[in-house]
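Report on the structure
Below are the chains, spelled out letter by letter.
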Amino acid sequence: LGMALHIAADIRDFTAVDGSAGRGLRAGRITLPLIYAVEAGGGAELAALVDQQPFDARRSAAALDQIVLLGVPPARAAAQERAQRAMDLLTALPAQATRDALIALTGWAIAE
């Protein structure tokens, strides 16, 4: 569940609509969506873009577009897979408030 939540938070960093999208990328954080984007065809061009610090607005927008297109979908699938595994394990436990709260968190991890 922790991995699913972490990946979901990384995805939200790239898909935020409040103007903060890509904050982690601009800070130099390497995340699963970025890794998937590089592997899916962003390759050397995206890696070079990321290595050029500090980002300017044009480079940031270009990198975000590639990451959202190439990296977010497989990262979302990875988060959903981990959340489902957590859900399967949690539902095997006896019903109690803590278990139910953790199950509720899986919904956040798999939300689009």
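Here the structure is shown first, and the text comes after it.
Only a predicted model underlies this, so the values are computations on that prediction, with no experimental measurement involved. (Residues numbered from 1 in each chain as written. Predicted model: local features only at pLDDT ≥ 70, side-chain atom pairs only at ≥ 80, totals over all residues. Heavy atoms only, no water.)

1. Concerning the nonpolar core
Counting residues in hydrophobic clusters, the biggest one holds 17 residues, and the most contacted among them are Ile-7, Phe-14, Leu-25, Leu-34, Leu-46 and Ile-67. Breaking this core down by element, the ones donating at least two residues are α1 (2–15), α3 (32–51) and α4 (57–91). The element contributing the most residues to this core is α4, with seven residues. Once residues within four sequence positions are removed from consideration, Ile-7 is found in contact with Leu-32, Ala-75, Ala-78, Ala-79 and Arg-82. (Core = buried A, V, L, I, M, F, W, Y, C linked by side-chain atoms within 4.5 Å. Buried < 20%, exposed > 50% of the residue type's maximum accessible area, 1.4 Å probe, protein only. Helix = DSSP H or I, 4+ residues; strand = E, 2+ residues; numbered from the N terminus. Contact = heavy atoms within 4.5 Å.)

2. Some points on the packing of aromatic side chains
Under the criterion given, the structure shown has zero aromatic pairs. Lying across the ring of Trp-108, Arg-12 places its NZ or CZ 4.0 Å from the centre. (Phe/Tyr/Trp six-rings, centres within 6.5 Å; stacked < 30°, edge-to-face > 60°. Lys NZ or Arg CZ within 6 Å of the ring centre and 35° of its normal.)

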